[in-house]
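# Structural description and commentary
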Amino acid sequence: LKLYDNHMNSTPNVGLIGLGAMGAGMAQSLRRAGYTPHVFDIRAEVAQAFAAEGGTACASPAELGTACDVVVSVVVNAAQTESVLFGDLGCAATLKAGSVFVMCSTVDPNWSMALEARLAEKGILYIDAPISGGAAKAASGQMTMMTSGTPEAYALAEPMLHAMAARVYKLGDKAGAGSKVKIINQLLAGVHIAAAAEAMALGLREGVDPAALYDVITHSAGNSWMFENRMAHVLAGDYTPLSAVDIFVKDLGLVLDMARASKFPLPLSSTAHQMFMQASTAGFAREDDSAVIKIFPGIELPTPKKPTA
């Protein structure tokens, strides 16, 4: 594929679709690195607020695709990615041959590999680029990207990847490897959250002071990043969704799907998935994923502290 002429003579134009918890920070990182990103979000006011400080708000993915050489998609799942690309006013119809689509969602690796082939038919390059690190690291440009794609795609998009992430892992020369590594990361993340909730629930059941338990565990060998981060939410009684219960219903489902295809047993992942499913069906689907602790009976959870007068 030939890159269009202006790639060699000027800074490529970058667009970002999806200004949610991660995407908003990534767009800010691009702007901080000297790019003037085009942005689209289904909440038009969010895109306009971003553009007011630098950049351009677009009315649709198609409009954004017309203007951009590299498009970074930071939507929730494969279905939303399909819509961004191939739905009404999708950007696949307007991206020029030789442009790059960077897909940052957690998806089935086989779907990602198929998407690379579908885009190649239109002359569009593709980077499979799931992300990790949370909203704060996205905003500071310190997140991790697990990427795979062709050398031609990296040649155009790699500077933008480094603008958004502290670590850009190049895991292969075609799509799929990035998504596989992300799914393995999600296996650990989901199991660690479920285990952290189980441990805190046992402590509450046994009458241990939860703040003291938290302090001891976070300074002992049993600690994990997820225990330290998510059990702080439980202590605060704050289940505002930074990452919702249903995200792990989806992601651990993808973990199990990938393993099932090769008949590989995942006993801990299966149990954790059932725990998140139980939390979701109990009414906590849209709460923070730490709300998985609410499935345990006979415990009294910490409540939000009332502000002092």
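The notes below deal with the structure included here. What you are looking at is a predicted structure, and each value in this text was computed from that prediction instead of being measured.

## Some thoughts on the overall build of the protein
The secondary structure content of the protein amounts to 13 helices and 9 strands. The C-alpha atoms of the protein give 21 Å as radius of gyration, which agrees with the globular expectation for 309 residues (19 Å, within 12%). Referenced to the eigenvectors of the C-alpha coordinate spread, the extents of the protein come out at roughly 70 × 55 × 35 Å. By residue count, 50% of the 309 residues in the protein fall in the buried class.

## Observations regarding the nonpolar core
Counting residues in each nonpolar core, the largest one holds 38 residues, and the members touching the most others are Met-200, Met-231, Phe-276, Val-292 and Ile-293. Contributing elements (two or more residues each) for this core: helix 9 (177-205), helix 10 (210-217), helix 11 (225-236), helix 12 (245-261) and helix 13 (267-284). Considering every element that reaches this core, the biggest residue donor is helix 9, with 11 residues.

## So, the pattern of salt bridges
Per the stated rule, a full pass over the model turns up 8 salt bridges. In this structure, the salt-bridge partner of Arg-118 is Glu-82, at a minimum N-O distance of 2.7 Å. Separated by 36 residues along the polypeptide, Arg-118 in helix 6 (residues 109-120) and Glu-82 in helix 5 (residues 78-86) bring together distant segments of the chain. Ionic pairing is found between Glu-158 and Lys-170, a salt bridge with its closest N-O pair at 3.3 Å. With Glu-158 in helix 8 (residues 151-164) and Lys-170 in strand 9 (residues 165-170), this residue pair connects regions lying 12 residues apart in the sequence.

## Description of the pairing of strand 9
Sheet faces and side chains relate simply in a regular strand, where the side chains alternate between the two faces. Across 5 bridges, the pairing between strand 8 (residues 143-149) and strand 9 is parallel. Within strand 9, the residue paired with Met-145 across the bridge is Val-168. Traced from strand 8 through helix 8 to strand 9, the parallel crossover comes out right-handed.

## Some words on the side chain of Arg-230
Looking at where Arg-230 falls in the secondary structure, it is placed in helix 11. Residue classification places Arg-230 among the buried positions, given a relative accessible area of 9%. Here the side chain of Arg-230 touches Asn-229 through a polar contact of 2.9 Å, side chain to side chain. Not counting residues up to four positions away in its chain, the partners in contact with Arg-230 are Ile-193, Trp-225, Ser-243, Asp-288, Asp-289 and Ser-290.

Definitions and cut-offs
Residues numbered from 1 in each chain as written. Predicted model: local features only at pLDDT ≥ 70, side-chain atom pairs only at ≥ 80, totals over all residues. Heavy atoms only, no water. Helix = DSSP H or I, 4+ residues; strand = E, 2+ residues; numbered from the N terminus. Rg over C-alpha atoms; globule rule 2.2 N^0.38 Å. Buried < 20%, exposed > 50% of the residue type's maximum accessible area, 1.4 Å probe, protein only. Core = buried A, V, L, I, M, F, W, Y, C linked by side-chain atoms within 4.5 Å. Salt bridge = Lys/Arg side-chain N within 4 Å of Asp/Glu carboxyl O. Pairing = 2+ DSSP bridges. Right-handed = clockwise from strand over helix to strand, strands pointing away. Polar contact = N/O pair within 3.5 Å; in protein donor to acceptor, adjacent residues only side chain to side chain. Contact = heavy atoms within 4.5 Å.

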